[in-house]
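Examination of the molecular architecture
Chain by chain, the residues:
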Amino acid sequence: MNDKKLLMLFVRNPELGKVKTRLAASVGPDKALEIYLQLLQHTCKVTQKLPMKKLVYYSNAVDTNDLWPNEEYQKRVQPQGNLGEKMEAAFAIAFAEGHTDVVIIGSDCLQLTPAIVSEAYHKLAQHDVVIGPALDGGYYLLGMKRLHPELFRNKRWSTEHVFPDTLSDVERLHLSHALLPRLSDVDYVEDLDARFFP
């Protein structure tokens, strides 16, 4: 395992009525929770065998008795603030702890594969920043070799402006960057497929 490489996973504690709220408006909170649990299981399956340190950041509280094996995933609670402040702080902590290749993902992307995450680290070896853009205008993955706080500030989180505004910052800062395949996040009922409605 390469201890210099870190994969951070931002997840929500799977609590009824507190996950996938936009999706719940269409399918109800019970179905939304069921879908989110499937997304967590998918993300765990994708990342479990990858050869780097892995850290799960929970929204509310650390759960040592859940689907993330304790021997394979470090576990912490997300820092305070909005999404940008949380991610900026998480990256800052990672670099302060000596990691040199740091990637963050969420748990909303069913199209994510181990190969795509591995490709992120491969591209990070030759670039300052790597981004996995999402079809909704956000991103499902962000990686960097040192902290660039501007990428987390003055963003309209949970809108279609996140990826283009982030890319604009990258270009303005003259950072070399690489893009991964554009994938779909699961946020609305339109994002679902037959796996969720057998």
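Residues numbered from 1 in each chain as written. Predicted model: local features only at pLDDT ≥ 70, side-chain atom pairs only at ≥ 80, totals over all residues. Heavy atoms only, no water.

1. With respect to the overall build of the protein chain
For the record, the criterion: In DSSP terms, a helix is any run of H or I states spanning at least four residues, a strand is any run of E spanning at least two, and both are numbered starting from the N terminus. C-alpha atoms define the radius of gyration, and 2.2 Å times the number of residues to the power 0.38 defines the globule rule. With a 1.4 Å probe rolled over the protein chains alone, any residue whose accessible area is under 20% of its type maximum counts as buried; one over 50% counts as exposed, and the rest are partly exposed. Residues are treated as being in contact if the distance between any of their heavy atoms lies within 4.5 Å. Per-residue accessibility takes into account occlusion by the displayed protein chains alone, with areas from the Shrake-Rupley method and a 1.4 Å probe.
Along the protein chain, the regular secondary structure elements total 5 helices and 7 strands. Its helices and strands in sequence order give the protein chain the pattern β-α-α-β-β-α-β-α-β-β-α-β, from N to C terminus. The globule rule puts the C-alpha radius of gyration for 198 residues at 16 Å, and the 16 Å found for the protein chain is close to it. In terms of principal-axis extent, the alpha carbons of the protein chain reach across some 45 × 35 × 30 Å. Out of the 198 residues in the protein chain, the part that is buried amounts to 48%. Across the protein chain, contacts joining residues at least 24 apart in sequence account for 64% of those joining residues at least 6 apart. Surface accessibility of the protein chain: about 9,500 Å² in total, with carbon and sulfur atoms responsible for 51%.

2. Let's talk about the pairing of strand E6 (residues 139–144)
As a reminder of what qualifies: Pairing between strands requires that DSSP locate at least two bridges from one strand to the other.
The element E6 is largely enclosed, with a buried count of 6 among its 6 residues. The sheet contact formed by strand E4 (residues 101–105) and E6 spans 4 bridges and is antiparallel. In the sheet register, Val 103 faces E6, and the bridge partner there is Gly 143. If you look at the hairpin formed by strand E5 (residues 129–133) and E6, you'll find 5 residues sitting between the two strands, and Gly 137 has a positive phi there, around 100°.

3. As for the nonpolar core
Cut-off, in case you're wondering: The criterion is simple. A nonpolar core is a set of buried Ala, Val, Leu, Ile, Met, Phe, Trp, Tyr and Cys residues joined through side-chain atoms within 4.5 Å.
Ranked by size, the top nonpolar core spans 34 residues in total, and within it Leu 7, Leu 9, Val 11, Trp 68, Leu 112, Tyr 140 and Leu 141 carry the most contacts. If you list the elements that add at least two residues to this core, you get strand E1 (2–11), helix H2 (29–47), strand E2 (52–58), E4, helix H4 (114–124) and E6. Element by element, the count of residues in this core is highest for H2, at 7 residues. In contact with Leu 141, not counting residues within four places along its chain, are Val 103, Ile 104, Ile 105, Ala 120, Val 130, Ile 131, Gly 132 and Leu 180. Judged by nonpolar contacts, the second largest core, of 25 residues, contains Val 102, Met 144, Val 162 and Leu 175.

4. Observations concerning H2
The line we're drawing: Here a helix's expected span is defined as the number of its residues, less one, multiplied by 1.5 Å.
In this model H2 runs 27 Å from its N-terminal to its C-terminal C-alpha over 19 residues, within 8% of the 27 Å that 1.5 Å per residue would give. Among the residues of H2, those classed as buried are Lys 31, Ala 32, Leu 33, Ile 35, Tyr 36, Leu 39, Leu 40, His 42, Thr 43, Cys 44, Val 46 and Thr 47.

5. A closer look at helix H5 (residues 162–172)
To be explicit about the condition: The arc under discussion is defined with respect to the helix axis, by the directions toward the C-beta atoms.
Residues of H5 that are buried include every one of Val 162, Phe 163, Thr 166, Leu 167, Asp 169 and Val 170, and no others. Looking straight down H5, one finds that the buried residues subtend no more than 155° of arc, so they occupy a single side. Positive backbone phi, approximately 60°, marks His 174, located one or two places after H5.

6. Looking at the side chain of Thr 43
What counts is decided by this rule: By the criterion applied in these results, polar contacts are pairs of N or O atoms within 3.5 Å in which, for protein atoms, one can donate a hydrogen and the other can accept it, and in which residues neighboring in sequence qualify only through two side-chain atoms.
Among the secondary structure elements, Thr 43 is positioned in helix H2. Only 2.9 Å separates the side chain of Thr 43 from the backbone oxygen of Leu 39, close enough to count as a polar contact. Setting aside its immediate chain neighbours within four residues, Thr 43 contacts Leu 9, Trp 68, Ile 105, Gly 106 and Ser 107.

7. Considering the environment of Val 103
Topologically, Val 103 is positioned in strand E4. In the structure, Val 103 is positioned 42 residues away from Lys 145 in sequence and 8.9 Å away in space, judged by C-alpha atoms.

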